[in-house]
Every structure is written in structure tokens, then in C-alpha cells.
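Now for the letters of each chain:
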Amino acid sequence: QVQLVESGGGLVQAGGSLRLSCAASGSIFSITDMGWYRQGPGTQRELVAAITGGGSTNYADSVKGRFTISRANTKNTFLVYLQMNSLKPEDTAVYYCNVRLAVSSHWGQGTQVTVSS
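The model shown is predicted, which means the values in this text are computed figures rather than measured ones.

**A word on the pattern of salt bridges**
It is possible for side chains bearing opposite charge to pair when their charged atoms get close.
Consideration 1: Here the structure, examined in full by the defined rule, presents five salt bridges.
Consideration 2: Note that Lys64 and Asp61 form a salt bridge whose closest N and O atoms lie 3.1 Å from each other.
Consideration 3: Across the pair Arg66 and Asp91 runs a salt bridge, and its minimum N-O distance is 2.8 Å. Taken together, the residues Arg66 in the loop between strand E6 (57-59) and strand E7 (67-73) and Asp91 in the loop between strand E8 (77-84) and strand E9 (93-101) connect sequence positions 25 residues apart.
Consideration 4: The buried category is assigned to Arg66, whose relative accessible area is 10%.
Consideration 5: Ionic contacts of the salt-bridge type, sharing partners, join the residues Arg38, Glu46, Arg66 and Asp91 into one network.

Shown next as C-alpha cells:
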């Protein structure tokens, strides 16, 4: 089993910053990539940013230059962060952490990010 625990969401004013964290643990032997997705009201879940095991990153056009994804490993836990700067009201959504392994994909429970204008 794989467990994902997210933290760091909240309410922030436009122009502010938040940092999301996700800790993945359990039966993890080979990570293809780790990423953050978001789903706003009435919208489909979309990729925000992803980082591969080798460190290559990919961002949605709407967040390029404002968001930064990074990762770190401890002995038994894989961590992925999303630093969000210059937040806009349209960034309001539930943000989900995702870990893709060779044969499975796992999701966190989601954390709410609300940006007020």
C-alpha cells in the first residue's frame, strides 16, 4: 500500500504565497513521477506541475513562472512540494498530490487552496 499525506492549503489574498507538501510512504520501489493536480468548482482535474524521478519538471502554462515543484527523499518517505507565489483568484481549487509508480497511480485526499481578490 501507498499512503499520501498532504498539507499546506489555506486561504490567502491575491498576490500571496502558499507552499503545499505531500509525503508518500509505503510500498514504493520506483517512482515514475510525482505531481500536483487541481480541480476547481465545475472544472475537470488538471495537471499543475510534475517532477520525474530524474528531476525533470513540467508545468501548466497558467502557472509557469509563479509555481515551483520540488522533491526530496528521506529513508522511507518521498516528499514533493509546490511553492505557489503570486497567487490569483483563478488558482482557487482543491489541490491533489499524485504519485505514479511503474504499475499504479496514487492520489492524496486533496487540500483546499482559496485565493481571495
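**Examining the sheet that holds strand E3 (residues 18-26)**
Consideration 1: An order of E1-E3-E8-E7 is seen for the four strands of this open sheet, with the pairing classed as antiparallel. For this open sheet the edge positions go to strand E1 (2-7) and E7, each flanked by a neighbour on one side alone. Strand-to-strand twist in this sheet, taken as the mean axis angle between neighbours without regard to direction, amounts to 15°.
Consideration 2: When E3 meets E8, the two strands line up antiparallel, connected through eight bridges. Directly across from Leu18, in E8, lies its bridge partner Met84.

**Description of the environment of Asn73**
Consideration 1: If you trace the backbone, Asn73 turns up in strand E7.
Consideration 2: A relative accessible area of 48% places Asn73 in the partly exposed class.
Consideration 3: Considered as a pair, Asn73 and Leu87 are 14 residues apart in the sequence and their alpha carbons are 27 Å apart.
Consideration 4: With near-sequence residues (within four places) excluded, Asn73 lies in contact with Phe78 and Leu79.

Parameters and conventions
- Residues numbered from 1 in each chain as written.
- Predicted model: local features only at pLDDT ≥ 70, side-chain atom pairs only at ≥ 80, totals over all residues.
- Heavy atoms only, no water.
- Salt bridge = Lys/Arg side-chain N within 4 Å of Asp/Glu carboxyl O.
- Helix = DSSP H or I, 4+ residues; strand = E, 2+ residues; numbered from the N terminus.
- Buried < 20%, exposed > 50% of the residue type's maximum accessible area, 1.4 Å probe, protein only.
- Pairing = 2+ DSSP bridges.
- Axes fitted to C-alpha atoms, helices over the stretch in contact; angles between N-to-C directions.
- Contact = heavy atoms within 4.5 Å.

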